[in-house]
Amino acid sequence: MATSVCATGFKGGLCTSSFHGSWGTSMAGEDYAALARSVRTNVPVGKPVRLRPMMKNVNEGKGLFAPIVVVTRNIIGKKTFNQLRGKAIALHSQVITEFCKSIGADAKQRQGLIRLAKKNGERLGFLA
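Looking at an unreviewed UniProt entry, one finds the chain named Protein proton gradient regulation 5, chloroplastic and attributed to Vitis vinifera.

Written out as structure tokens, the structure is:
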């Protein structure tokens, strides 16, 4: 069904192209099938960007001993420095454990002392 739309009253008249279809119907048949084929059913979505957690010390460069620690790390290398630091922390934890055994402190108190030692080490700059 073709309907012609014209506007009259203007000089020479204004006619537009004809309209095929009706105002009240939706797409059906071949037109709908063609449209359905052209629309993608799955849209690729990129992987979300996940930020890696930073294991950096918040007190980097702060504290009384921080400059000595940073210079030592730069001289002997990061890997060797971290191995040395790990051994020192393990030794210090053993000393705290032996101290807790000698005074009769339980495991919870021992863990509290180890946490306190870590906080003090951060504040003094040993963990810079």
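Asks: Please give an account of the environment of K118 that cites residues and values.
Replies: Of note, K118 is situated in helix α4 (residues 107–124). For the pair K118 and S93, spaced 25 residues apart in the sequence, the C-alpha separation amounts to 10.0 Å.

Asks: Run through the packing of aromatic side chains, naming residues and quoting values.
Replies: Applying the stated criterion across every chain yields a total of 1 aromatic pair. Taking 4.6 Å as the distance between ring centres and 15° as the angle between the ring planes, the aromatic pair formed by F65 and F126 counts as stacked. Taken together, the positions of F65 in the loop between α1 (30–38) and α2 (66–76) and F126 in the segment after α4 put the pair 61 residues apart, joining distant regions of the chain. Note on F65: relative accessible area 29%, which makes it partly exposed. Here F126 falls in the partly exposed class, since its relative accessible area comes to 41%.

Asks: I'd love a proper account of the packing of helix α3 (residues 78–103) against α4, names of residues and values included.
Replies: Where α3 meets α4, the axes come as close as 10 Å, and the angle between the chain directions of the two elements is 145°. Seen along the crossing, α3 lies across α4 with a hand that is right-handed. Between α3 and α4, the contacting residues are H92, S93, I96, T97, F99 and C100 on the first element and R110, L113, I114 and A117 on the second. In terms of residue class, the contact of α3 with α4 is made up of 6 nonpolar, 3 polar and 1 charged.

Asks: I'd like to hear about a nonpolar patch on the surface, residue by residue, with values.
Replies: Together, V71, I75, I76 and L84 line one region of the surface with nonpolar side chains, adding up to about 380 Å² of accessible area. The dominant element in the nonpolar patch, judged by the number of residues it contributes, is α2, at 3 residues. Looking at the secondary structure, you find L84 in helix α3.

Asks: Summarise α3; cite the residues concerned and give the values.
Replies: When the terminal C-alpha atoms of α3 are compared, their 37 Å separation across 26 residues agrees well with the 38 Å that a helix rising 1.5 Å per residue should span. All of the buried residues in α3 are F81, I96 and C100. Buried residues along α3 sit against α2 and α4. Looking one or two residues past α3, G104 carries a phi angle of roughly 80°, positive in sign.

Asks: How would you summarise the layout of surface pockets if you had to cite specific residues and measurements?
Replies: Volume-wise, the largest pocket comes out at about 460 Å³. Every residue lining the largest pocket is counted, 18 residues in all, and those nearest its centre are I89, H92, A117, F126 and L127. Contributing elements (two or more residues each) for the lining of the largest pocket: α2, α3 and α4. No other element matches the 8 residues that α3 contributes to the lining of the largest pocket. Residues that form the lining of the largest pocket fall into these classes: 11 nonpolar, 5 polar and 2 charged.

The rules behind these values
- Residues numbered from 1 in each chain as written.
- Predicted model: local features only at pLDDT ≥ 70, side-chain atom pairs only at ≥ 80, totals over all residues.
- Heavy atoms only, no water.
- Helix = DSSP H or I, 4+ residues; strand = E, 2+ residues; numbered from the N terminus.
- Phe/Tyr/Trp six-rings, centres within 6.5 Å; stacked < 30°, edge-to-face > 60°.
- Buried < 20%, exposed > 50% of the residue type's maximum accessible area, 1.4 Å probe, protein only.
- Axes fitted to C-alpha atoms, helices over the stretch in contact; angles between N-to-C directions.
- Left-handed = near helix turned anticlockwise from the far one by under 90°.
- Contact = heavy atoms within 4.5 Å.
- Nonpolar A, V, L, I, M, F, W, Y, C, P; charged D, E, K, R; others polar.
- Patch = residues over 30% accessible without salt bridge, like charges linked within 9 Å, V, L, I, M, F, W, Y side chains within 5 Å.
- Areas by Shrake-Rupley, 256 points an atom, 1.4 Å probe, with all protein chains shown as cover.
- Salt bridge = Lys/Arg side-chain N within 4 Å of Asp/Glu carboxyl O.
- Expected span 1.5 Å × (residues − 1).
- 1 Å grid on protein atoms, 1.4 Å probe; cavity = no way out; pocket = protein on both sides within 12 Å on 5 of 7 lines; lining within 4 Å.
- Points joined across faces, edges and corners; volume = space filled by probe spheres on them.

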